[in-house]
Amino acid sequence: MTSQDGGYFQSDNGVGELSTTLFELGLLASETSEIDEVLRSILHKIAQTTRATRASIGLSPQNGENVMSWTSVGVEIQGSLEEHFREEPYVNVLEEALETRTLCCIDGLGETNHSGEPHVAAIPLKVAGEILGILILEKTSSLDRTERALIRASSTPISLTIRNAQLFNEQRRRTEHLTMLNRVSRIITSTVEIDELLERTVHSIRDQWDYEMVAIGLVEGDEVVLKAAASKTDMAIPLGYTFPFGEGVTGEVVATGESLLISDIEVHENYRAAVEN
């Protein structure tokens, strides 16, 4: 999840606006639905209140991913957000905030900045001790006392808002899974021929979740044989193609009996291309 909106945020600051911001974040927490929309709304509000040139939230890795997913609003950057936050001074304040689990500011925050570099502040977003992600603000001037108070005070409602959105999405996925199981159950109970059963199953799964490709292989001897597939594009390998035990991702899953969720198949150590190129 990576997005950017151009612009420079300006707004008067004060205790009244701090209270209003916290109230609005509380309302958002009770009306959460789509995580992308939630993150963008949070970032716009915080950026407006603190007069940040850019506000960003990185969510902790989920579902087998190994990197944070970033959403950002404000001044655009060159390259990806992931690369941006691996550079100094961002990586330093990010690591310090996650380690100390508190608000961290660097590059002369609270003092006049003559270097031309942005002032950077970061605070972890956590619920019940679990870190969901991190909020990072960038400014051309230092954060004042009210802005720091806002960041600290708003971290909890922001975290709750994100958690609500994640729970909503988890519940939606569970509902989709149950719907899929019911569809497959109906196919199984109404189909006797194994080839027809496999064919209807892969098409039903692909249609339900809009996957690029779904395939089923069956174990025959010491190989896995591709029996059915549903793909949005032409398949590079034909039905009947075989995967030896232990070789490639498919062979590894069969040999170990363990499921695999891989974010980038081509960098997996046991990846084997089914066809050249």
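Notes on the structure follow.

Rules used throughout
- Residues numbered from 1 in each chain as written.
- Predicted model: local features only at pLDDT ≥ 70, side-chain atom pairs only at ≥ 80, totals over all residues.
- Heavy atoms only, no water.
- Buried < 20%, exposed > 50% of the residue type's maximum accessible area, 1.4 Å probe, protein only.
- Helix = DSSP H or I, 4+ residues; strand = E, 2+ residues; numbered from the N terminus.
- Pairing = 2+ DSSP bridges.
- Axes fitted to C-alpha atoms, helices over the stretch in contact; angles between N-to-C directions.
- Parallel < 35°, antiparallel > 145°, perpendicular 65-115°, else oblique.
- Left-handed = near helix turned anticlockwise from the far one by under 90°.
- Contact = heavy atoms within 4.5 Å.
- Nonpolar A, V, L, I, M, F, W, Y, C, P; charged D, E, K, R; others polar.

## Overview of the pairing of strand β1 (residues 54–59)
Item 1. The buried fraction of β1 is high, at 6 of 6 residues.
Item 2. Of the two faces of β1, the one holding Arg-54, Ser-56 and Gly-58 and the one holding Ala-55, Ile-57 and Leu-59 are both buried throughout.
Item 3. Judged from the 6 bridges that link them, β1 and strand β5 (residues 130–139) form a sheet pairing that is antiparallel. Across the sheet, Gly-58 pairs through a bridge with Ile-134, a residue of β5.

## Digging into the sheet that holds strand β6 (residues 213–220)
Item 1. With antiparallel pairing, the 3 strands of this open sheet are ordered in space as β6-β7-β8. Unpaired on one side and paired on the other, β6 and β8 (242–244) mark the two borders of the sheet. In this sheet, adjacent strand axes meet at a mean angle of 35° when their direction is disregarded.
Item 2. Note that strand β7 (residues 223–231) and β8 share 3 bridges and pair antiparallel. Bridge pairing links Glu-223 to Pro-244 in β8.

## Some details on the packing of helix α5 (residues 145–190) against helix α6 (residues 194–209)
Item 1. One can describe the packing of α5 onto α6 by two numbers: an axis separation of 10 Å at closest approach and a directional angle of 160°. Judged on the interaxial angle alone, α6 and α5 are roughly antiparallel. Seen from above, α5 lies across α6 with right-handed handedness. Here Glu-176, His-177, Thr-179, Met-180, Arg-183, Val-184, Ile-187, Ile-188 and Ser-190 of α5 lie close against α6, whose contacting residues are Leu-197, Arg-200, Thr-201, Ser-204, Ile-205, Gln-208 and Trp-209.
Item 2. Grouping the constituent residues of the contact of α5 with α6 by class yields 7 nonpolar, 6 polar and 3 charged.

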